[in-house]
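Survey of secondary and tertiary structure
Chain by chain, the residues:
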Amino acid sequence: MIIGVPKEIKIGETRVSMTPSLCRRCVALGARVIMEKSAGITAGFVDAEYRAAGAKVVAESAQVWRGADLILKVKEPLPAEYRLIRDGQALFTYLHLAAGPDLARVLLKKRVLGIAYETVEGTDGAFPLLKPMSQIAGRLSIQIGSYFLQSQHGGSGVLLGGIPGTMPGHVVVVGAGNSGAHAVQMAAGMGARVTVLDLDTRKLEALDTEYRGRVVTLMSNPANLEREVADADLLVGAVLIPAAKAPTVVTRQMVARMRRGSVIVDIAIDQGGCIESIRPTSHENPVYEEHGVIHYAVPNMPALVGRTSTIGLTQATEPYVAMLVRHGIEGAISSTPGLARGVNTENGKIAYGAVAKALGYTS
Ligand SMILES: NC(=O)c1ccc[n+]([C@@H]2O[C@H](COP(=O)([O-])OP(=O)(O)OC[C@H]3O[C@@H](n4cnc5c(N)ncnc54)[C@H](O)[C@@H]3O)[C@@H](O)[C@H]2O)c1
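Let's shift gears to the site of the ligand. The immediate surroundings of the ligand are formed by 30 residues, with S134, S179, D198, D270 and M301 found nearest. In this structure, N178 approaches the ligand through a main-chain N or O atom, which is 2.8 Å from an oxygen atom. In the environment of the ligand, an oxygen atom lies 3.1 Å from a nitrogen or oxygen atom belonging to the backbone of P299. With the chains in place, 91% of the 870 Å² that the ligand exposes on its own is no longer accessible. More than half of the atoms of the ligand fall within 2 Å of the grid points belonging to the largest pocket. Going through the elements one at a time, α6 (131–148), α7 (178–190) and β8 (193–198) are the ones with two or more residues in the shell around the ligand.

Let us look at the pattern of salt bridges. Evaluation of the coordinates by the stated rule reveals 17 salt bridges. For E228, the salt bridge goes to R227, with nearest N and O atoms at 3.1 Å. Among the residues examined, E228 registers a relative accessible area of 12% and is labelled buried. On the accessibility criterion, R227 (46% relative accessible area) is partly exposed. D231 serves as the salt-bridge partner of R259, at 3.1 Å between the closest nitrogen and oxygen. With R259 in the loop between α10 (252–256) and β11 (263–266) and D231 in the loop between α9 (222–230) and β10 (234–237), this residue pair connects regions lying 28 residues apart in the sequence. Note on R259: relative accessible area 36%, which makes it partly exposed. Classification of D231 by relative accessible area gives partly exposed; the value is 23%. Taken together, the salt bridges that share partners define one network made up of R193, D231, D233 and R259.

The biggest cluster of nonpolar side chains holds 101 residues, and the ones touching the most others in it are I3, M18, M35 and F92. Two domains share this core, each providing at least three of its residues, namely domain 1 (2–120 + 305–359) and domain 2 (131–299). With near-sequence residues (within four places) excluded, M18 lies in contact with I3, V5, C23, C26, V33, M35, Y50, L72 and T314. By size, the runner-up hydrophobic cluster in this structure holds 24 residues, among which are V172, V174, I269 and Y288.

Right, let's get into the packing of aromatic side chains. Tallied over the entire structure, the rule returns five aromatic pairs. Look at F148 and Y296: their rings are 6.2 Å apart centre to centre, the planes differ by 40°, and that puts the pair in the tilted class. Of the two residues, F148 is situated in helix α6 and Y296 in strand β13 (residues 293–296); the sequence distance between them amounts to 148 residues. Judged by relative accessible area, Y296 falls into the buried class, the value being 3%. The structure contains a cluster of three or more aromatic residues connected by ring pairs, namely F92, Y94 and Y117. R279 extends its terminal NZ or CZ atom over the ring of Y288, reaching a point 3.7 Å from the ring centre. Sitting over the face of the ring of F45, R307 holds its NZ or CZ atom 4.2 Å from the ring centroid.

With that settled, consider the side chain of S282. If you trace the backbone, S282 turns up in the loop between β11 and β12 (287–290). Taking the relative accessible area as the measure of exposure, S282 reaches 19% and is therefore buried. Those residues in contact with S282 that lie beyond four places of it in its chain are I11 and V298.

Turning our eyes to something else, we now look at the environment of A297. Mapped onto the secondary structure, A297 falls in the loop between β13 and α11 (306–327). Along the primary structure A297 and M167 are separated by 130 residues, whereas in three dimensions their C-alpha atoms are 27 Å apart.

What follows concerns the domain arrangement of the protein chain. The domains assigned to the protein chain are domain 1 (2–120 + 305–359) and domain 2 (131–299). Distance from the C-alpha centre of domain 1 to the C-alpha centre of domain 2: 31 Å. Contacts between domain 1 and domain 2 engage 20 residues on the former and 15 residues on the latter. In this assembly, domain 1 packs against domain 2 so that about 1300 Å² is buried in total across both faces, 69% of it on carbon and sulfur atoms. Across the contact surface, domain 1 and domain 2 share zero salt bridges. Counting across the domain 1 and domain 2 interface gives three residue pairs in polar contact (both at pLDDT 80 or more).

For the rest of this paragraph, the subject is the sheet that holds strand β9 (residues 215–219). Taken in spatial order, the seven strands line up as β9-β8-β7-β10-β11-β13-β12 in an open sheet, and their pairing is mixed. Since the sheet does not close on itself, it has two edges, and those belong to β9 and β12, each with one partner. The average undirected angle you get between the axes of adjacent strands in this sheet is 20°. Two strands pair when backbone bridges link them, and strand β7 (residues 170–174) and β10 are joined in this way by four bridges, in the parallel orientation. Counterpart to V173 in the pairing with β10 is V236. The sheet contacts of helix α8 (residues 201–211) involve β8 and β9, and relative to β9 the element is tilted by about 165°.

Cut-offs applied
- Residues numbered from 1 in each chain as written.
- Predicted model: local features only at pLDDT ≥ 70, side-chain atom pairs only at ≥ 80, totals over all residues.
- Heavy atoms only, no water.
- Near = heavy atom within 4 Å.
- Polar contact = N/O pair within 3.5 Å; in protein donor to acceptor, adjacent residues only side chain to side chain.
- Areas by Shrake-Rupley, 256 points an atom, 1.4 Å probe, with all protein chains shown as cover.
- 1 Å grid on protein atoms, 1.4 Å probe; cavity = no way out; pocket = protein on both sides within 12 Å on 5 of 7 lines; lining within 4 Å.
- Sits in = over half its atoms within 2 Å of the grid points.
- Helix = DSSP H or I, 4+ residues; strand = E, 2+ residues; numbered from the N terminus.
- Salt bridge = Lys/Arg side-chain N within 4 Å of Asp/Glu carboxyl O.
- Buried < 20%, exposed > 50% of the residue type's maximum accessible area, 1.4 Å probe, protein only.
- Core = buried A, V, L, I, M, F, W, Y, C linked by side-chain atoms within 4.5 Å.
- Domains from an automatic or database assignment.
- Contact = heavy atoms within 4.5 Å.
- Phe/Tyr/Trp six-rings, centres within 6.5 Å; stacked < 30°, edge-to-face > 60°.
- Lys NZ or Arg CZ within 6 Å of the ring centre and 35° of its normal.
- Buried area = accessible area lost by both parts, 1.4 Å probe.
- Pairing = 2+ DSSP bridges.
- Axes fitted to C-alpha atoms, helices over the stretch in contact; angles between N-to-C directions.

So this is what it looks like as structure tokens:
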């Protein structure tokens, strides 16, 4: 098998889908690896390390796409890459097709075997390839939020931890999954007042037990959301319905009642966002203001910490990449139900129910 690793081209992206260590493992298992020049540089890995691990380093991304049976990426292919995708090629990456109808059309037309990191399932039904990036985005959401809360950045000037004798900032986290729980952890660690809302009582119980009253856990319903969002200095959107477009949980009306200079970080933007007034931003222009509230919605937040994110991501993908090399693509998929759940497009069809539903296809 030939694995191709292109350099990521999304604005501000710094991650790479393969470390020299993963490259060494793939080569030892019998794969050939073609890397685009400087693909790992923003994550701190130089070409010489990949060469030493057995990769062939090529100058152009077109050479990577042309030569590979399996393209290993981080972000979904962007329009500039559509023409490089070969008919029938296999692609293992984040796809987020529910929020990407154009890409879905390209993958179907080219009969791409699209395996999405975000829907690969562990034996416990969880999403092991989403988890590390969600943890990073959750942790980052608090440091990003506190940055934009600063007066010089247009924020309300609230210090999340406050000081003795002042009210700490109020962080409201909607969604208590991987990203939400890590946002809660950082916010609580900073000394903020933290409220977290979810529909899943088990998630709320776990946080309640962990924080022993230092964090308020609430059922996610319109009444609770209305009250808590209006009082939030920093609102973090962290909901997910697997593979589906994110539901609008916080309405524009709720946002309009927030204090001026408050901040929203909608982590769920890669699935369309869970806040009505949100639209995607980029690392170049990360925020905009609406209703006097600063909105941040960068779909590739982990790129802010390319080194940690690359190591976290590839540690999670490694067992699956190794399986694909060892058993071949079809063999690995048919023998591993969790990997098969990652298949989003196959033979010109959407192969994942929630994605098909979100895009209006019949699967
Ligand atoms: N922007 C980025 O850079 C970035 C990075 C990583 C992950 N993400 C995205 O963040 C989102 C969250 O991922 P995750 O791993 O934390 O998901 P998760 O499945 O671990 O958690 C999602 C939580 O949302 C809850 N939920 C569903 N509907 C809800 C509602 N109406 N109100 C409140 N809670 C609700 C679920 O019960 C669950 O606890 C996903 O869209 C993921 O793709 C974005």
